[in-house]
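Survey of secondary and tertiary structure
Okay, here's what each chain looks like letter by letter:
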Amino acid sequence: MKFNTKTIHAGQEPEETSGAVMPPIFQTSTYAQQAPNKHKGYDYARVGNPTRTALEKMIAGLEGADEAACFSSGVAAMDSLMKMLRPGDHVVTTNDLYGGSYRLFTKVFEPYGIDFTFVDMTDLGKVEEAITPNTKLMWIETPTNPLLRVVDIQALVDIAKPKNILTVVDNTFASPYLQRPLEFGADAVLHSATKYLAGHSDVIHGAVASSNEAIMENLRFQTKTSGAVPGPMDCYLTLRGIKTLSVRVQRSVDNAKQIAEFLEGHDEVESVLYPGLRSHPQHELAKKQMDDFGAMLSFTLKDDSIEAAVKFMQNTKVFTLAESLGGVESLISHPASMTHGSIPKDVREKAGLKDSLIRISVGIEDAEDLIADLDQSF
Ligand SMILES: *Cc1c(COP(=O)(O)O)cnc(C)c1O
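The paragraphs below set out a description of the structure included in this document. From a predicted model like this one, the values you see are computed outputs, not experimental measurements.

Across its full length, the protein carries 13 helices and twelve strands. On C-alpha atoms alone, the protein measures out to a radius of gyration of 21 Å, which is about the 21 Å that the 2.2 N^0.38 rule sets for 378 residues. Relative to its 378 residues, the protein shows a buried fraction of 56%. Contacts spanning at least 24 positions in sequence make up 73% of the contacts within the protein whose residues lie at least 6 apart. Total accessible area on the protein stands at roughly 16,000 Å², and carbon and sulfur atoms take up 51% of it. Each charge class in the protein was averaged separately, 36 positive and 50 negative side chains, and the resulting centres sit 5 Å apart.

Right under this line is the structure:
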């Protein structure tokens, strides 16, 4: 099956008792057993739920994985995945990381004895330098948030594999429609399904897809033991969102390209960060690694101040000032004071995150309206 067909059919079968084409929302906490431990595959809903199973099969199909596990949020999925590490283990990750991931690593896992090194992962030499004998995991995010750097998944896998270091890619920004990290040899893919997969800004959801038995065994164990599981309604909404993933993302990408060109030509814009622009430092890598360039872009103003950025964002009428991304509506945000507020200013600046940096998540409205809205906001 090719990708667009998979978004409709992967792992999906009409429901047995009624023939329902969409899986019902199995709103139940427990399941009748024929005899102790003799049941139809489900015993308690923390461990499993048929609506969740349908979604897990779908996400595994989209990423080309044997299995997937779903969680109550993207960070819950990360939290469960990271629990396969033990005190003393070391992780190499990017210095341009989603703010919530940075907080989880430094505020939860560091105090439990796991070490992290944050490096610019576009510099492979720096990644190699950061590896220690205790390095167990490489946490990759690409394109990065909010600087839209593109990290070479294949090159990092080639560094990690011979050293038995697991590679995990946070694929939230690209979605499997544009990028499938397992094809480059990554061990697992993580999604904040809250974003493109669900796609309608109406659900918080997370998922991991992998064919690595140790990773999946830990996730099944964490599902049962730590219990950060999604409810069936949220699984249903995410599955419903996925059915239109291809058309939504393609439309958003087409809009984003036009917006990037408009911004690049504007007097008051200092720089535009978008992998689809020829001026982007990893434009060629993005072409190779992704099927298209994504619908996230950031730009900085000639007046590089928090005040100028905030003023701009308060002028938009079609773009909504809000955190998050990947929904049908266009959103605008200010990472330095919003999503990345939990990263100290000196760390932010060292990573290249300027005060005036504005991030936009391009939705599926008409490009003309989006461009006109940005134009009148300057
Ligand atoms: C939003 C996001 C997360 C966290 O996901 P939640 O569903 O909000 O918990 C992780 N990684 C990236 C890149 C994100 O954008």
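Another point: the pattern of salt bridges. Within this structure, the stated rule accounts for eleven salt bridges. Ionic pairing is found between Asp-291 and Arg-180, a salt bridge with its closest N-O pair at 2.9 Å. On the criterion of sequence distance, the pair formed by Asp-291 in the loop between helix H10 (283-289) and strand E9 (296-301) and Arg-180 in the loop between strand E5 (166-170) and strand E6 (188-192) is long-range, its members being 111 residues apart. Look at Arg-180 and you get buried, because its relative accessible area is 14%. Between Glu-213 and Arg-220 there is a salt bridge; the shortest N-O distance is 2.8 Å. Looking at Glu-213, the relative accessible area reads 44%, which means it is partly exposed. Judged by its relative accessible area of 37%, Arg-220 is partly exposed.

Relative to the helices and strands, Lys-243 resides in the loop between helix H8 (232-242) and helix H9 (245-264). Despite being buried, Lys-243 has no salt bridge partner; Glu-13 is the closest side chain of opposite charge, sitting 12 Å away. Sequence-distant contacts of Lys-243, that is, excluding residues within four places in its chain, are made with Thr-7, Ile-8, Gln-12 and Met-22.

The next subject is the packing of aromatic side chains. For any pair of aromatic rings, geometry is given as the distance between the ring centres together with the angle between the planes. Throughout the structure, instances matching the rule amount to eight aromatic pairs. The interplanar angle of 15° and the centroid separation of 4.6 Å between the aromatic rings of Phe-105 and Phe-116 together place this pair among those described as stacked. You can see Phe-105 sitting in helix H4 (residues 99-109) and its partner Phe-116 sitting in strand E3 (residues 115-119), a full eleven residues away along the chain. As far as the burial class goes, Phe-105 and Phe-116 line up, both buried. Consider the rings of Phe-116 and Phe-118, whose centres lie 6.3 Å apart with planes at 20°: the pair is stacked. Ring pairing ties together the aromatic residues Tyr-102, Phe-105, Phe-116, Phe-118 and Trp-139, which thus form one cluster. The ring of Tyr-98 has Lys-195 lying over it, and the distance from NZ or CZ to the ring centre is 5.2 Å.

Close contacts around the ligand come from 13 residues, with Gly-74, Asp-170, Ser-192, Thr-194 and Lys-195 the closest. Within the side chain of Asp-170, one N or O atom sits 2.7 Å away from a nitrogen atom of the ligand. Note that an oxygen atom of the ligand is positioned 2.8 Å from one of the side-chain N or O atoms of Ser-192. Here the ligand loses 94% of its free accessible area of 380 Å² to cover by the protein chains. Among the residues making up the shell around the ligand, the classes are represented as four nonpolar, six polar and three charged.

This part takes up the nonpolar core. With 79 residues, the main nonpolar core has Met-138, Ile-259, Leu-297, Phe-299 and Ile-360 as its most contacted residues. With eight residues, H9 is the single largest residue contributor to this core. Among the domains, domain 1 (3-242) and domain 2 (245-377) are the pair contributing at least three residues each to this core. In this structure Ile-259 touches Leu-297, Phe-319, Ile-360, Val-362, Leu-370, Ile-371 and Leu-374, once residues within four positions along its chain are discounted. One finds Ala-77, Met-78, Phe-109 and Trp-139 within the second-largest nonpolar core, a separate group that totals 26 residues.

Right, let's talk about the environment of Ala-155 for a bit. You can see Ala-155 is positioned in helix H6 (residues 153-160). By relative accessible area, Ala-155 is classed as buried at 15%.

All right, on to the environment of Asp-120 then. With respect to the element layout, Asp-120 can be found in the loop between E3 and helix H5 (124-130). Put simply, Asp-120 and Thr-93 are 27 residues apart on the chain and 8.3 Å apart in space, counted from C-alpha to C-alpha. Filtering out sequence-adjacent residues up to four positions away, Asp-120 remains in contact with Asn-95, Lys-126, Val-127 and Arg-149. Within the structure, the side chain of Asp-120 is placed 2.6 Å from the side chain of Thr-122, a separation counted as a polar contact.

With that settled, consider the pairing of strand E1 (residues 67-71). Within E1, four of the five residues are buried, which leaves the element mostly enclosed by the surrounding structure. Here E1 runs beside strand E7 (residues 206-210); their pairing, made up of five bridges, is antiparallel. By the bridge assignment, Phe-71 is partnered in E7 with Gly-206.

Reading the values: rules and limits
Residues numbered from 1 in each chain as written. Predicted model: local features only at pLDDT ≥ 70, side-chain atom pairs only at ≥ 80, totals over all residues. Heavy atoms only, no water. Helix = DSSP H or I, 4+ residues; strand = E, 2+ residues; numbered from the N terminus. Rg over C-alpha atoms; globule rule 2.2 N^0.38 Å. Buried < 20%, exposed > 50% of the residue type's maximum accessible area, 1.4 Å probe, protein only. Contact = heavy atoms within 4.5 Å. Areas by Shrake-Rupley, 256 points an atom, 1.4 Å probe, with all protein chains shown as cover. Lys, Arg positive; Asp, Glu negative; His and termini not counted. Charge placed at Lys NZ, Arg CZ, Asp CG, Glu CD. Salt bridge = Lys/Arg side-chain N within 4 Å of Asp/Glu carboxyl O. Phe/Tyr/Trp six-rings, centres within 6.5 Å; stacked < 30°, edge-to-face > 60°. Lys NZ or Arg CZ within 6 Å of the ring centre and 35° of its normal. Near = heavy atom within 4 Å. Polar contact = N/O pair within 3.5 Å; in protein donor to acceptor, adjacent residues only side chain to side chain. Nonpolar A, V, L, I, M, F, W, Y, C, P; charged D, E, K, R; others polar. Core = buried A, V, L, I, M, F, W, Y, C linked by side-chain atoms within 4.5 Å. Domains from an automatic or database assignment. Pairing = 2+ DSSP bridges.

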